[in-house]
Amino acid sequence: MKPVKIEKKHVVYTLIVVVFIVASSFIPGFLSIRNIMNIVRQSSIIAICACGMTMVIIIKGIDLSVTGMLSFCAMINGLLLLQGWPIPVAMIIGLAAGTVLGVFNGFMVDTLGIPAFITTLVVGNVGGGLALLLNEGRSIGGFPDAYVFMGNGTILGVPVSNYIMAIFVIGTSVIMAKTRLGVYVYAMGGNETVVKQQGISTSMINYFVYGFSGFCIAMAGILLSGQLDTVHPTQGEPYQLDAIAACVIGGVSMLGGEGKVYFSLIGALIIGVQRNILNLLGIHPFYQNIFVGIIIIVIVAINIFKKNRAIELSKVF
Amino acid sequence: MKKTILEMREITKYIFDAFGHALRGSTVRILDSVDFDVKEAEVHVLIGENGAGKSTLMKILGGIIPPDGGTMKLDGKEISFSGPRESLHHGIGFIHQELNLCLNLDVAQNIFLGREIGKKLFIDKKNMYARSSEMLAKLGFDIDPHTLVRDLSTAQQQIIEIVKVLSYDCRIIIMDEPTASLTSTEIEKLFEIIKELQKKGISIIYISHRFEELKEIGDRITVLRDGKYIGTVPIEEFDYDQIINMMVGRKLGAMYQCHHVPTTEKVLEVKNLKIASHTKPIDLYVNKGEVVGLSGLVGSGRTELAKSIFGSRTYFGGTIRYDGQVIKKVHPSQLIAKGLVYLSEDRKLEGLVLEMPIAHNITLASLPRLFPKTNIHRGKERTVALKGVRDLNIISNSLDQLCNTLSGGNQQKVVLAKWLLTEPKVLILDEPTRGIDVNAKSEIYRIIDRLASEGVGILMISSELPEIIGMSDRVYVMRNGTISAELTEKEDFDQEKILSYTLG
């Protein structure tokens, strides 16, 4: 007897449709162009983090440094801007900081063999501490107009944030689909022994994947500071869970080897929609985290249950 | 006369760790001066019982582990490998029983992993998929290279491995039990490929347990036994009895002492148990004070049967009676409390907490019984553990010695001590003497005999026929997930007979 096969993408599609139908029939103002653009703009931060996170989870890792690193990179960038540095230079330094911390994560995971969750959690915490230290715990704001335009402006009616998000999502999926590196990332998630036997350096893959994740987090942090015109040392906090949730809802398997970036984007949008709906309904934001948390647990549990069952059923004597 | 292309002379390998390094101070030889050669375009079959050294020999040839002695010559030139890649570049491809593929990638990505076609970073997909189709077509297969390997049948996955190996221009291909999980039509297909490869001048080293196959495709048969080279026979001189003789011809020593007398009172009874949805049901019973041997190849479902009884695995119908009661959907802890225990096959993975001292390991399974009021009295724990250590003659520095610093035999005795402390009525032993030295073996046999005399029913799973024959009062043989024979009379216990039921 063959069990009914439910593909992940079907689940994702159904979820979107259901959420949209329910939301648009019950909540006035949900389906307006303005509201939807707003959802996408807010989701862009999650989606950019999810680009790197998708890769990390595919190689069976996890990146828990989002919270701290996001604030830290934004803080560096913001402080440089306020001291009058040109916007591109400040941004490059901010992005470089994220990438370096990410590569450091990769080094700890690969070369020292420290479990990813410890390494990234610690690096994230250190980053968060530095963000507090850099400006003695205070927020900064009042950035140049051109910088705020990146966060809040529109080009041809579409928020600039959305263009940046699109570049990241498309760029990541090109890497994953068209390049050797992408194949190796999937291969490493599928069967690390084979990768090593083929003489491919797993260190290179680890460094790249964690470095890229750091880069994405930095970009998300910078974009968020543009959107809010503020950097607060703890503003990265909600994005940790959201980034992981986006991947999981988008069908990235926590067991590694599976996942597509554009599905993670859809996952990010679903979270955005859900937060928007709960906001429009006037439900306190605290409930939202509980909601996202439950969704992650349920999806991961189903995933692992299915996998274990498949292993047991495939035994031959 | 065909030309000899590969010669292995006097290959020796001591018992080794996970990295292939010889264990310090060890004198146990897994391979003892083994000779092996391969001629051009032949299928050379390698047979022997589990643990005879076939896999170890092939791992040395495949560059996975280094030999501790002996020489290898390819085309008359001496060679040595620092890793599997180097072996591959010398034209030796290894197709493992556990296929080495990335199931989540597609066919072409697997074939070209690490050698993708294309400039710099980007992959030339068109070219790569076209090449893959071409290579598959050459072997007569119409598999879309875009298919995910996960969605292929095992036979098709094997073909992908063969294509991958061939793309390295291999002249010698090692196949480790390639037919183990194939259906009969798939096997025929595989044989066609092998014959095709032979025509192209490629030699195959073929490891298998199935005699009917060997006659069909083999050119020569080499038999290994207990790490020693026994002989090579051309296929024309194939004689079933002679080959079995070569495989088992061992003398039973005085290692096995049987003083216990089995009763006729059933303590464990299994009826119509199916370990998988497609296997035939199993009937089995164990009497008090009886040692029942369970023979069969690795992978024939012995461990699954034991775990089904022990409640640590779901099974597909059937009833299990223990001590007069039907047991159903129970947790192992309940069975341990009732006196049914299972000593696992892999002591390092499932038997011991390696980083914990001996004392804690011994009392681990009996804590609820010894200390029902939750807090552990360390003094009492030590007294109890010390008794176990003395009873089983566990050689150690102190009760605080960590288990990962003990020898294999002493580790096994610690596991045994742990289970004996639970005062079992039925003891299921899964390969109780695997990888331990002769002295420890005979000690464990003595313990088994003593337990049986005390009335414990013992079900002993083993791959070693002498052990099964020497210790058992009754023997079950397992094949393909079910019991293929039951031998009740001691006179019937004979290596040839059991082996023939095992191999079918």
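Procedures and definitions
Residues numbered from 1 in each chain as written. Chains lettered and ligands numbered in written order. Predicted model: local features only at pLDDT ≥ 70, side-chain atom pairs only at ≥ 80, totals over all residues. Domains from an automatic or database assignment. Helix = DSSP H or I, 4+ residues; strand = E, 2+ residues; numbered from the N terminus. Expected span 1.5 Å × (residues − 1). Buried ≥ 20, exposed ≤ 12 C-beta atoms within 10 Å, placed from the backbone. Pairing = 2+ DSSP bridges. Axes fitted to C-alpha atoms, helices over the stretch in contact; angles between N-to-C directions. Contact = placed C-beta atoms within 7 Å. Nonpolar A, V, L, I, M, F, W, Y, C, P; charged D, E, K, R; others polar.

Visitor: Help me understand the domain arrangement of chain B, please; the structure alone is not making it clear to me.
Guide: Note: interface size is frequently given as the accessible area lost on complex formation between the parts. For chain B, the assigned domains are domain 1 (4-91 + 170-248), domain 2 (102-169), domain 3 (252-339 + 424-504) and domain 4 (348-423). Averaged C-alpha coordinates put domain 1 of chain B and domain 4 of chain B at centres separated by 41 Å.

Visitor: How should I be thinking about helix α15 (residues 408-421) of chain B in this particular structure?
Guide: Note: α-helices contain 3.6 residues per turn, so residues at a spacing of three or four share the same orientation. Residue and element names in this part refer to chain B. Here α15 spans 20 Å end to end across 14 residues, near enough to the 20 Å set by a 1.5 Å rise per residue. For α15, the tally of buried residues reaches 13 of 14 residues, placing the bulk of the element in the interior. Positive phi shows up at Glu-423, right after α15, with a value of about 55 degrees.

Visitor: I'm lost on the sheet that holds strand β13 (residues 291-296) of chain B in this one. Help?
Guide: Pairing between sheet strands relies on hydrogen bonds along the backbone, with the strands arranged either parallel or antiparallel. Residue and element names in this part refer to chain B. Pairing is mixed in the open sheet, where six strands are placed in the order β16-β17-β18-β13-β19-β20. Each having just a single partner strand, β16 (340-343) and β20 (482-487) make up the two edges of the open sheet. Adjacent strand axes in the sheet meet at a mean angle of 20 degrees when their direction is disregarded. The pairing of β16 with strand β17 (residues 426-430) spans four bridges and is parallel. Paired with Tyr-342 across the strands is Ile-428, a residue of β17.

Visitor: Help me understand the environment of Glu-237 of chain A in this model?
Guide: All names here are of chain A. Tracing the backbone through its elements, the reader meets Glu-237 in the loop between β4 (230-231) and α11 (239-249). Glu-237 gets classed as partly exposed once you count the C-beta atoms within 10 Å, which come to 16. Through-space distance from the C-alpha of Glu-237 to that of Gly-256 is 25 Å; in sequence the pair is 19 residues apart.

Visitor: When you look at the environment of Ile-275 of chain B in this model, what are you seeing that I'm missing?
Guide: All names here are of chain B. Mapped onto the elements, Ile-275 comes out in the loop between β11 (266-273) and β12 (282-287). The class for Ile-275 is buried, based on 29 C-beta atoms found within 10 Å. Those residues in contact with Ile-275, other than ones at most four positions away along the chain, are Gly-301, Glu-304, Leu-305, Ser-308, Tyr-315 and Gly-481.

Visitor: I'm lost on the pairing of strand β3 (residues 43-47) of chain B in this one. Help?
Guide: Within a regular strand, side chains alternate between the sheet's two faces. Residue and element names in this part refer to chain B. When you tally the buried positions in β3, you get five out of five residues, the bulk of the element. Of the two faces of β3, the one carrying Val-43, Val-45 and Ile-47 and the one carrying His-44 and Leu-46 are both buried. As paired strands, β3 and strand β8 (residues 203-207) are joined by four bridges and run parallel to one another. From the neighbouring strand, Val-43 faces β8, where its bridge partner is Ile-204.

Visitor: Looking at this structure, how should I read the pairing of β8 of chain B?
Guide: Residue and element names in this part refer to chain B. With five of five residues buried, β8 is to be regarded as a mostly interior element. Along β8, one buried face is formed by Ser-203, Ile-205 and Ile-207 and the opposite face, lined by Ile-204 and Tyr-206, is buried too. Direction of pairing for strand β7 (residues 172-176) relative to β8: parallel, over a ladder of five bridges. Across the sheet, residue Ile-172 finds its bridge partner in β8, namely Ser-203.

Visitor: Got a minute to help me understand the interface of chain B and chain A in this structure?
Guide: Each partner contributes to the interface: chain B provides 22 residues, whereas chain A provides 21 residues. Split into classes, the residues belonging to the side of chain B that touches chain A amount to 10 nonpolar, 10 polar and two charged.

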